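# What the coordinates show
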Amino acid sequence: MQLSINGRWVEADVEPAMPLLWVLRDVLALTGTKYGCGVAACGACTVRVDGQPVRSCVTPVSAVAGRKVVTIEGLGSASSPHPLQAAWIAEQVPQCGYCQSGMLMAAAALLERKPKPTDADIDEAMTNLCRCGTYQRVRAAIRRAAGIKA
Ligand code: FES
Ligand code: FES
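Fair warning: this is a prediction, and the values are worked out from it, not measured in the lab. (Residues numbered from 1 in each chain as written. Chains lettered and ligands numbered in written order. Predicted model: local features only at pLDDT ≥ 70, side-chain atom pairs only at ≥ 80, totals over all residues. Heavy atoms only, no water.)

### Description of the packing of aromatic side chains
Counted according to the given criterion, the structure contains one aromatic pair. Geometrically, the ring pair formed by tryptophan 22 and tyrosine 35 is tilted, given 5.2 Å between the ring centres and 40 degrees between the ring planes. Of this pair, tryptophan 22 sits in helix α1 (residues 20-27) while tyrosine 35 is found in the loop between α1 and β3 (46-49), placing the two residues 13 residues apart along the sequence. (Phe/Tyr/Trp six-rings, centres within 6.5 Å; stacked < 30°, edge-to-face > 60°. Helix = DSSP H or I, 4+ residues; strand = E, 2+ residues; numbered from the N terminus.)

### Some words on the domain arrangement of the protein chain
Size of an interface, as often reported, equals the accessible area lost when the parts are brought together. Under the domain assignment used here, the protein chain contains domain 1 (2-74) and domain 2 (83-146). In this structure, domain 1 and domain 2 have C-alpha centres spaced 20 Å apart. Contacts between the two partners involve 18 residues from domain 1 and, on the opposite side, 13 residues from domain 2. Around 1,200 Å² of area is buried between domain 1 and domain 2 when both sides are counted, 57% of it from carbon and sulfur atoms. (Domains from an automatic or database assignment. Contact = heavy atoms within 4.5 Å. Buried area = accessible area lost by both parts, 1.4 Å probe.)

### Comments concerning the sheet that holds strand β4 (residues 52-55)
Spatial strand order, β2-β1-β5-β3-β4: five strands in an open sheet with mixed pairing. Of all the strands in the sheet, just β2 (8-11) and β4 have a single pairing partner and so form its edges. Taken pair by pair, the neighbouring strands of this sheet meet at an average axis angle of 40 degrees, ignoring direction. Sheet analysis places strand β1 (residues 2-5) next to β2, joined by four bridges and oriented antiparallel. Looking at the pairing, leucine 3 lines up with valine 10 of β2. Lying on the sheet, helix α3 (residues 100-113) is in contact with β3, β4 and β5 (68-70); it crosses β3 at an angle near 35 degrees. (Pairing = 2+ DSSP bridges. Axes fitted to C-alpha atoms, helices over the stretch in contact; angles between N-to-C directions.)

### Here's the deal with the pattern of salt bridges
A full pass over the atoms with the stated rule returns seven salt bridges. Close ionic contact of arginine 144 with glutamate 91 constitutes a salt bridge, the shortest N to O distance being 2.9 Å. Highlighted residues: arginine 144 in helix α5 (residues 135-146) and glutamate 91 in the loop between α2 (83-90) and α3, separated in sequence by 53 residues. Arginine 144 sits in the partly exposed class, given a relative accessible area of 45%. On the accessibility criterion, glutamate 91 (23% relative accessible area) is partly exposed. Ionic pairing is found between lysine 114 and aspartate 121, a salt bridge with its closest N-O pair at 3.2 Å. Through salt bridges with shared partners, a single network forms among Asp119, Asp123, Arg139 and Arg143. (Salt bridge = Lys/Arg side-chain N within 4 Å of Asp/Glu carboxyl O. Buried < 20%, exposed > 50% of the residue type's maximum accessible area, 1.4 Å probe, protein only.)

### Here's the deal with the environment of alanine 90
In this structure, alanine 90 sits in helix α2. Taking the relative accessible area as the measure of exposure, alanine 90 reaches 42% and is therefore partly exposed. On a C-alpha basis, the gap between alanine 90 and arginine 131 in space is 21 Å, while along the polypeptide they are 41 residues apart.

### Looking at α2
Those residues of α2 lying buried are Leu84, Gln85, Ala87 and Trp88. For α2, the angular spread of buried residues about the axis comes to 160 degrees, placing them on one side. Relative to its buried face, α2 has exposed residues pointing more than 90 degrees away, namely Pro83 and Ile89. In the core, the buried residues of α2 are packed alongside α3 and α5. (Arc of directions from axis to C-beta.)

### Digging into the nonpolar core
Counting 22 residues, the largest nonpolar core has Leu84, Trp88, Met103, Met126, Val138 and Ile142 as the members making the most contacts within it. Broken down by secondary-structure element, the contributors of at least two residues to this core are α2, α3 and α5. Looking at which element gives the most residues to this core, the answer is α3, with eight residues. Residues within four places of tryptophan 88 in sequence aside, it is in contact with Val93, Pro94, Gln100, Met103, Leu104, Ala107, Val138, Ala141 and Ile142. (Core = buried A, V, L, I, M, F, W, Y, C linked by side-chain atoms within 4.5 Å.)

And the structure:
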């Protein structure tokens, strides 16, 4: 199956029903995307497909054939961080860090859709769960990346 992952075409010899999360992690070794619940409830596995945030644990890989998949590995890099990643560091958002790649992918989709989101927009878009309770810092970092004063 031909997949577009982080701007590159890759060939993956997998069953069509295999969840995208397992293809990313186990076949393509892109382990930045995390497994939390497996039932679309927590958001730890969030990636973007054609710009939309998608929970990869419940997405069969066949559903993304020929579509543009972006994972946390494609968001930015240490030398060239995405504005959200810079804001995440400035606001010291991560605690254990486990949920954070999913948070960042959901936030990136939000800011592309709404560059100046309200708190209500943020709450509506950020349905990801964080057992460390970073919600207020996530909100602050999204505001910072959007250039919104607290
Ligand atoms: S692991 Fe996919 S939503 Fe929790
Ligand atoms: S930072 Fe630990 S689960 Fe969110």
